[in-house]
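Spelled out from the first residue to the last, the chains are:
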Amino acid sequence: MAATKPKGPAFLRVALSLLLAWSLASFPGVTPAWADEREAAGLAAAAQTAAAANEDAVAVLRTAAAAGEDPNLALVRYAQQLSDDNAVGAPLANAMMPTRYYLTNLGQVTSVKFQNPWGSCWAFAAIAALESSVLKAQGAPADDGVFWSDPGSVEPQITGLTNAVDYSEHALAWFAHERQTEALAGAQAGEGMIRQKTTLGTQMAGAAPWNAETEFTSGLSMAAEGDVPYTYLTASGEPYVPDAQKGDLPWWNMVPNPDGSTPEEPIAGSADARLQDWSVDASLRALAEVEVTGSMALPSPVKTSTTVEDGVSKTEYLGYDEAATEAIKQALVDVGGVSIAFMADQSKPGSGSIVQGGSGEHFSYDNWCQYNGVDLGSDHGVTIVGWDDDYPAANFTGTASGQPEGDGAWLVKNSWGSDAFFDALGYPDDKKNWGLEDADGNHSGFFWLSYYDHSISSPYAYEVSPNGGYQHRYQHDYLGIAVSPTQTVAPGDDVRFANVFTAQGDELLRAVSARTFSPGETAEVWVYVLNADAQHPTDGTLAAPAQSAAFEHAGYHEIVLDRPVQLAAGQRFAVVERVRGVTSDGSPGGYLNLEYCFDASLVTQISSAAMIGQAVANDGETFATTDGKEWFTPAEYEDAVTEAQGGTALMHYGNAMIKAFADDDPNPAPKPVDPVPVDPSPGGDPQQPGALEPERVDFGHAEAKPLSKTGDAATPAASAAATLALGTLASAAVAAFALRRRRKG
């Protein structure tokens, strides 16, 4: 009798066949058609969301330009609103704050400087905040206990301040609109912001508060004042140092028009300092006196709503946010000074009338205080250095806005000089006589700003390391948030983004950075050591398993890895991150965290004064996904967004905003050691047989394997395929099921 094959139930044969097909579809090198369709669908959905957000941002920019506002500040209020509106959960409770608190009294504020002849207030505000943070981190000799024990006895110290740290506003103001060079940024050369106008009168163009974060967190533009002083270059290339005794004109000299107003462009042939060369050598951009480890993009006390209709944006005031005021107070106590943008009566000395006594439109010169209850825009940058909850609302007298709705004001450091500043340099006749007066009647350069001022926006504080940073920094994102600190939440169940780097030596990867965009968000991090032929950021060995960190405020953050990753010279590694969010329709999603900039031709069309950005993303540097499996590049994303916008490019996209930090490995090994559990003994003693023993993985000579579309190469495809080919159908199905469980875990 001929042998017959056993006949199992039909459903078992069908099930095994389906399992086999499922497993084959999951192996590297075997990509089903539906995977491509899923990838296209995820990318298209993300692109559609970005396209709508881009159109709104362009409308805000156009509306501001049409109203005559500074286009470089057009997105300040809009960006603030997006950040505050997307806050995750309730704000964290702050400790009980005292009625008064002044960093000046603690030796944690440097002396008032002078920004003329340029509109570089934003750089002075950021540097003042940075200097304050450094002084606080260094433990400036002061006891703040009096603010809690007897606040009523404390008056703010506004003169005789320290210059123990003094960083260069000139370096920051100059390099914020200079593109990266190959000598400094390598393959990212050309990335950054530039001015459209390149006249002498625009050498030191204005910028937004977040431009400082971009430079600081890249380890750039934090030179000492002595290395890049705030002055121009002489014919010999040396910094100009005027001698008042010899009758030299000061470096801030500006020649007015016959009617006394200051011309936008310096008068040709005059002694205007803006006709001189204020450039800074590109090599000085890398000078950094301090390591910035975090930025705190704080909420604004001003709640607003912006709507876009028919290409025109409209912003309305919704009310005062007391929780945001408390958040700024907490930052002052914990970190240091807080830079802000607001609407002043004038954006720099000489651009409007300074009234001696009486009131301007929103400023009382009798009491040196401001309450603007009208404007939601901004034209000036300053630094909050203290507060007084009891500052009387009645002091804001004689202005267009009248009195604010309650008591309370910030003590604010300006950049319009002080009497002491001009006296010290030998130019007493140039005093602006601006700011609160001390006991001797000297003007200090400080003023009071009501908690309820409608124009306060973009509060920023900087966390610093008093002991320096890591030995090696890896970064592709030199543009960062220079255009705007906003990101669109892309729809998707598992939105992730990643940067790939190559180790320059035998190193230990110790930390990575993450950027969040609203209060209360959490960043998740994975680190992969990549195979030699890896084409996606998860094609390799998971060297640092999932690690998460929650952040009270939006901003730049550094996350110290729980377990450092050992890297060999030349080894590629990937940092993968996820920052979840919710889309405008309430569905789950996350940020792609890609750099971006407006299209240059679009910016030129909107305003000749606006800055132009350029993003650079090279092949193999950055990847993103909306489902955790199908990866796409910034170029592919940009093509999809442009298609969603009808073929018109409004934005260009760069790398993911991820940096990595490493130190030299004191005990380099040709093969990194990765402890794995192997049959632990009852006592768990790593010295005993069967306890935790190191497994050596040869990262530098990984076996070449076919790549999957998903980039998941954790399974050896060749051996798995061989098993399936040689084994029975049943054993293949069981193996496939077990593999699927491992990959899901």
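Thresholds applied
- Residues numbered from 1 in each chain as written.
- Predicted model: local features only at pLDDT ≥ 70, side-chain atom pairs only at ≥ 80, totals over all residues.
- Heavy atoms only, no water.
- Helix = DSSP H or I, 4+ residues; strand = E, 2+ residues; numbered from the N terminus.
- Polar contact = N/O pair within 3.5 Å; in protein donor to acceptor, adjacent residues only side chain to side chain.
- Contact = heavy atoms within 4.5 Å.
- pLDDT = per-residue confidence, 0-100.
- Buried < 20%, exposed > 50% of the residue type's maximum accessible area, 1.4 Å probe, protein only.
- Pairing = 2+ DSSP bridges.
- Core = buried A, V, L, I, M, F, W, Y, C linked by side-chain atoms within 4.5 Å.

A cis geometry characterises the amide bond from asparagine 116 onward to proline 117, with omega recorded as 15°. Mapped onto the elements, proline 117 comes out in the loop between strand S1 (100-102) and helix H4 (121-137). Backbone geometry at serine 221 places phi at a positive 60°, although glycine is not the residue there. Backbone geometry at tryptophan 368 places phi at a positive 50°, although glycine is not the residue there.

Moving on, we come to the side chain of aspartate 388. Here aspartate 388 is to be found in strand S9 (residues 380-388). In terms of polar contacts, aspartate 388 uses its side chain to reach the backbone amide nitrogen of aspartate 390, at 2.8 Å. For aspartate 388, the residues in contact, after removing those within four places along its chain, are Thr99, Arg100, Tyr102, Gly408, Ala409, Trp448 and Tyr451.

With that settled, the discussion passes to the confidence of the model for the protein. Summarising the model, the protein shows a mean pLDDT of 83, and 81% of its residues fall at 70 or more. With pLDDT under 50 throughout, residues 350-356 is counted as low confidence; its partners more than four residues away or in other chains account for 12 contacts. Note that pLDDT drops below 50 for residues 675-745; the model gives that stretch 108 contacts with residues more than four away or on any other chain.

Next up on the list: the environment of glutamate 463. Along the chain, glutamate 463 turns up in strand S12 (residues 457-465). Exposure remark for glutamate 463: the relative accessible area of 32% places this residue in the partly exposed category. Between the C-alpha atom of glutamate 463 and that of alanine 137, which follows or precedes it by 326 residues, the distance is 8.6 Å. Once you skip the residues sitting within four places of it in the chain, glutamate 463 turns out to touch Glu291, Val292, Thr293, Gly294, Ser295, Met296 and Val335.

Summarising burial for strand S10 (residues 409-413): 5 of the 5 residues are buried, a large majority. Where S9 and S10 come together, 5 bridges link them in antiparallel fashion. The residue bridging aspartate 388 from the neighbouring strand is alanine 409, located in S10.

Leu130, Phe216, Val565, Phe573, Phe598 and Tyr637 are the most contacted members of the largest nonpolar core, which totals 120 residues. Here phenylalanine 598 is in contact with Ala57, Val58, Leu61, Leu75, Val483, Val603, Gly613, Leu650, Met651 and His652, once residues within four sequence places are set aside. By size, the runner-up hydrophobic cluster in this structure holds 51 residues, among which are Val112, Ala331, Trp410 and Phe447.

Turning to the environment of glycine 373, a few remarks are in order. For glycine 373, the location among the structural elements is in the loop between strand S8 (369-370) and S9. Glycine 373 sits in the partly exposed class, given a relative accessible area of 24%. Apart from the residues within four sequence positions on either side, glycine 373 is in contact with Ser401 and His454.

This part covers the environment of alanine 615. Relative to the helices and strands, alanine 615 is located in the loop between strand S23 (612-614) and strand S24 (622-625). Along the sequence, alanine 615 and methionine 193 sit 422 residues apart, while their C-alpha atoms lie 9.1 Å from each other. In contact with alanine 615, other than residues within four places in its own chain, are Glu191, Leu479, Cys597, His652, Tyr653 and Gly654.

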